[in-house]
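Coordinate inspection notes
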Amino acid sequence: MTEHVFDQMRRAMVASQLRTTGVNDPRVVAAMAEVPRERFVPAERCALAYADALVPLGHGRSLNPPMALGRMLTEARLSGNERALVIGAATGYSAAVLACLAARVVALEQQSDLAALARRALDGSGVELVEGPLHAGWPAGAPYDFILIDGAVEHVPQAIVDQVADGGQISLALIEDGVTRLCVGRMIGGALGTTAFADAAAAVLPGFQKPRGFIF
């Protein structure tokens with residue numbers, strides 16, 4: 001597929017998947033219209049780069065649909081001055097988009113093969129790619145003004161909550177009773193409150209299962 005074809009697919013994504021689903025922040029739309037999503041998928045799946053669906057990346061991981069990322073960034077209403085962390089960076093697409101919207105971006109990935117792809121794709125973007133367990137976040141760079149958990153989780157570990165600056169925000173997809181809901185939250189006085197704003201498909205991230213109560 002040619003660069004011209006990918007440009008057409010990107011424009012179609014913006015028109016049919018973003019503008020029609022509440023992704024109305026001009027900066028978010030511009031960022032997603034600029035970042036070449038095809039660079040962040042395995043070569044054999046390039047034709048699916050702009051699909052309105054999860055794109056398999058291997059290792060049980062997937063690239064989230066464009067709408068999910070667009071809505072999570074839109075609801076955060078970023079100012080452009082934030083120090084941000086992406087948890088579950090995978091191949092780096094969400095970090096590349098966020099780099100157009102925030103002052104500094106750290107991208108955390110635990111799967112070495114995906115991190116290697118991300119490192120190549122993010123070259124020159126200014127994103128700091130780090131490797132480690134997703135559920136631990138990246139405390140070395142905390143506190144963060146914005147944390148994007150780029151996938152679906154059952155709960156947010158306290159280790160990650162502690163990395164949100166007071167007044168900072170977090171966006172994620174939360175699994176509740178089998179339904180995945182996009183959420184945005186803000187840290188105020190040491191307490192993190194979240195609000196769901198849409199149901200949407202999102203890739204499940206490993207390591208975020210809700211702790212189970214003890215059963216006799």
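This one's a predicted model, so the numbers in the text were calculated from it and none came from an experiment.

On to the packing of aromatic side chains. This model, assessed by the stated rule, comprises one aromatic pair. Consider the rings of phenylalanine 40 and tyrosine 93, whose centres lie 5.8 Å apart with planes at 65°: the pair is edge-to-face. Here phenylalanine 40 is found in the loop between α2 (26–34) and β1 (55–58), whereas its partner tyrosine 93 is found in helix α4 (residues 93–98), with 53 residues between them in sequence. With a relative accessible area of 3%, phenylalanine 40 lands in the buried category.

Attention shifts here to the pattern of salt bridges. The tally for this structure, following the rule as stated, stands at nine salt bridges. Among the salt bridges present, the one from glutamate 44 reaches arginine 45, with a minimum N-O distance of 3.8 Å. Close ionic contact of glutamate 131 with arginine 119 constitutes a salt bridge, the shortest N to O distance being 3.3 Å. One end of the pair, glutamate 131, is in strand β5 (residues 128–131); the other, arginine 119, is in helix α5 (residues 112–121), and 12 residues separate them in sequence.

Once that is clear, we can look at the pairing of strand β4 (residues 104–109). Of all six residues in β4, five are buried; the element is thus mostly enclosed. Across five bridges, the pairing between strand β3 (residues 83–87) and β4 is parallel. The residue bridging arginine 83 from the neighbouring strand is arginine 104, located in β4. In this view, the connection linking β3 to its parallel neighbour β4 by way of α4 has right-handed handedness. Relative to β5, β4 is paired through four bridges, and the arrangement is parallel. By the bridge assignment for β5, leucine 108 is matched with valine 130. Handedness of the β4-α5-β5 crossover: right-handed.

Alanine 142 connects to proline 143 through a cis peptide bond whose omega is 0°. With respect to the secondary-structure elements, proline 143 resides in the loop between β5 and β6 (144–153). Of note in this structure, histidine 59 is not a glycine but carries a positive phi near 60°. Here histidine 59 is to be found in the loop between β1 and β2 (61–63). On the basis of relative accessible area, histidine 59 is assigned to the partly exposed category, the value being 48%.

What follows deals with the pairing of strand β9 (residues 191–199). The side chains of a regular strand alternate between both faces of the sheet. One ladder, built from eight bridges, connects strand β8 (residues 179–188) with β9; its direction is antiparallel. From the neighbouring strand, methionine 187 faces β9, where its bridge partner is leucine 192.

Strand order in the open sheet formed by seven strands is β5-β4-β3-β6-β7-β8-β9, with mixed pairing between adjacent strands. Edge positions in the sheet fall to β5 and β9, since each of these pairs with one other strand and no more. On average, each strand axis in the sheet is inclined to that of its neighbour by 20°, with strand direction left out of account. Those strands touched by helix α3 (residues 66–76) are β6, β7 (164–176), β8 and β9, and its axis lies near 150° from that of β6. Its contacts with the sheet put α5 on β4 and β5, and the angle it makes with β5 is roughly 170°.

Rules of the game
- Here the residue index of a chain counts from 1 through its sequence in written order.
- For a predicted model such as this one, the threshold for reporting local features is a pLDDT of at least 70, and the threshold for listing and counting side-chain atom pairs is 80 or more; totals across whole chains, interfaces and linings nevertheless cover every residue.
- Heavy atoms throughout the structure, all of them, feed into the side-chain values; hydrogens and water do not.
- Centres within 6.5 Å are what make two rings of Phe, Tyr or Trp a pair, Trp counting through its six-membered ring; a difference in plane orientation under 30 degrees is then read as stacked, over 60 as edge-to-face, and the rest as tilted.
- Each helix is a run of DSSP H or I of at least 4 residues and each strand a run of E of at least 2, with the numbering of both proceeding from the N terminus.
- Exposure is judged per residue with a 1.4 Å probe applied to protein chains only, and the accessible area is read against the type maximum: over 50% gives exposed, under 20% gives buried, and values in between give partly exposed.
- Salt-bridge detection follows one rule: a side-chain nitrogen of Lys or Arg within 4 Å of a carboxyl oxygen of Asp or Glu.
- In this analysis, strands are considered paired if DSSP registers two or more bridges between them.
- A clockwise path from the first strand over the helix to the second, with the strands pointing away from the viewer, defines a right-handed crossover.
- Working convention: axes come from line fits to C-alpha atoms, limited for helices to the stretch in contact. Angles between N-to-C directions cover 0 to 180 degrees.
- Contact criterion: two residues are considered in contact whenever any of their non-hydrogen atoms come within 4.5 Å of each other.

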